[in-house]
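Chain residues, written in single-letter form:
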Amino acid sequence: MTAARKDLVGHIGTTAMFKKISNRFWYPFVTRRLNDEDVVFLNYGYEEDPPMALPLTPSDEPNRFCIQHYHRTATQADIAGKQVLEISCGHGGGASYLMRTLHPASYTGLDFNPDGIAFCQRRHTLPGLDFVHGDAESLPFADGSFDAVINVEASHAYPRFERFLDEVARVLRPGGHFLYADFRGREQFADWDAALADAPMRVLSQRCINTEVLLAMEKNSQQSLDLINRHLPALLRPYGRLFAGVPGSKIYRELQQGQISYRMYSLVKD
């Protein structure tokens, strides 16, 4: 791999080109590769010390760390009986878990990956749960359609983050919450902070969760490596390890060193 290629791969989400490649090619490719494995989560996960010990059903237990990430993000507000939108729902595991446990009135998962949406529609069939294909920067919903919007580990891939924040605020009702978790590289911290400060929503809470994400990466590493080795050709396995965040990968090291900040936010539309 050339030095230029290493630099591109090593700084995930820092260029518009990389973001477009991720959205258009990588995620659909991963969906097709993992379709037979019934992989329903794509996020890095979350674990605390001492462990969260979130009560889970036997069928949810294999996805504990990814589920705990969704649980911590979504429970920053009460979504019971609410109309909820998840932007970039991936393979729908978070949508299914939150629908079954936090009992919103309805839950809509939107994703830019049509293969992912087709997977979700086949895999997750619950009353009140719906999946639609769409763009995070141009949401196909009327103003004030939702009480809460959830976004987990996805916005780093959006070419126009400010446009995304405007769309979140547009589809939220007054008093609605934006429940959000994602990461950025050090060179993006200032722009990230400025975009959130300028958004038509108010930040209620913010915290860095690098330690919790790193612990989940460590505990989930063997499962991630097994999937990569089974489904990716040797040439693409380093790329897969980067996206999976296994110990030793560049993103893992930069989280350890603080070169990447993973944060969890709760915002409200006044």
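Draft legend 1. Here's a closer look at helix H8 (residues 210-231). The sharpest bend along H8 comes to roughly 55°, located at Asn220. All of the buried residues along H8 are Asn210, Glu212, Val213, Leu214, Ala216, Met217, Asn220, Ser221, Ser224, Leu227, Ile228 and His231.

Draft legend 2. A look at the state of the cysteines. Taken as a whole and judged by the stated rule, the model has 0 disulfides. Distance from the sulfur of Cys89, which forms no disulfide, to the nearest cysteine sulfur (Cys120) is 4.4 Å. By relative accessible area, Cys89 is classed as buried at 3%.

Draft legend 3. Quick peek at the nonpolar core. By size, the foremost hydrophobic cluster in this structure holds 43 residues, and its most contacted members are Leu98, Tyr107, Ile150 and Tyr262. Here this core takes 5 residues from helix H4 (residues 93-102), the largest share from any one element. Judged by nonpolar contacts, the second largest core, of 26 residues, contains Leu85, Phe178, Leu196 and Met201.

Draft legend 4. Broad picture of the sheet that holds strand E3 (residues 129-133). Here 7 strands make up an open sheet; going across it, the order is E3-E2-E1-E4-E5-E7-E6 and the pairing mixed. Unpaired on one side and paired on the other, E3 and strand E6 (202-208) mark the two borders of the sheet. Across the sheet, the mean angle from the axis of one strand to that of its neighbour is 15°, orientation sign disregarded. In this structure, E6 lies alongside strand E7 (residues 260-268), joined through 6 bridges in antiparallel fashion. Across the sheet, residue Val203 finds its bridge partner in E7, namely Leu267. Along the sheet, H4 contacts strand E1 (83-87), strand E2 (106-111), E3 and strand E4 (146-152); its crossing angle with E2, the most-contacted strand, is approximately 175°. Packing of helix H5 (residues 114-123) onto the sheet brings it into contact with E2 and E3, and relative to E3 it is tilted by some 160°.

Draft legend 5. Highlighting unusual backbone geometry. Here the amide bond leading from Asp49 into Pro50 is cis, since omega sits at 5°, within 30 degrees of zero. Here Pro50 lies in the loop between helix H2 (16-34) and helix H3 (64-74). The backbone of Glu153 sits at a positive phi, close to 55°, despite the residue not being glycine. Inspection of the secondary structure puts Glu153 in the loop between E4 and helix H6 (161-171). Owing to a relative accessible area of 11%, Glu153 belongs among the buried residues under this scheme.

Draft legend 6. Summary view of the environment of Arg186. Its place among the elements puts Arg186 in the loop between strand E5 (172-185) and helix H7 (189-198). On the accessibility criterion, Arg186 (44% relative accessible area) is partly exposed. Residues within four places of Arg186 in sequence aside, it is in contact with Gly258 and Gln259.

Draft legend 7. Summary view of the pattern of salt bridges. Considering all chains together, one arrives at 13 salt bridges under this definition. The closest approach of N and O atoms between Asp60 and Arg100, which form a salt bridge, is 2.9 Å. Separated by 40 residues along the polypeptide, Asp60 in the loop between H2 and H3 and Arg100 in helix H4 bring together distant segments of the chain. Residue classification places Asp60 among the buried residues on the basis of a relative accessible area of 8%. We note a salt bridge from Asp147 to Arg173, for which the minimum N-O separation is 3.1 Å. Of this pair, Asp147 sits in strand E4 while Arg173 sits in strand E5, and the two are 26 residues apart along the sequence. Residue Arg173 is classed as partly exposed on the basis of its relative accessible area, which comes to 26%. Counted as one network, the salt bridges with shared partners bring together Asp143, Arg163, Glu167 and Arg170.

Calculation rules
Residues numbered from 1 in each chain as written. Predicted model: local features only at pLDDT ≥ 70, side-chain atom pairs only at ≥ 80, totals over all residues. Heavy atoms only, no water. Bend = angle between axes of the 7 residues up to and from the residue. Helix = DSSP H or I, 4+ residues; strand = E, 2+ residues; numbered from the N terminus. Buried < 20%, exposed > 50% of the residue type's maximum accessible area, 1.4 Å probe, protein only. Disulfide = S-S within 2.5 Å. Core = buried A, V, L, I, M, F, W, Y, C linked by side-chain atoms within 4.5 Å. Pairing = 2+ DSSP bridges. Axes fitted to C-alpha atoms, helices over the stretch in contact; angles between N-to-C directions. Contact = heavy atoms within 4.5 Å. Salt bridge = Lys/Arg side-chain N within 4 Å of Asp/Glu carboxyl O.

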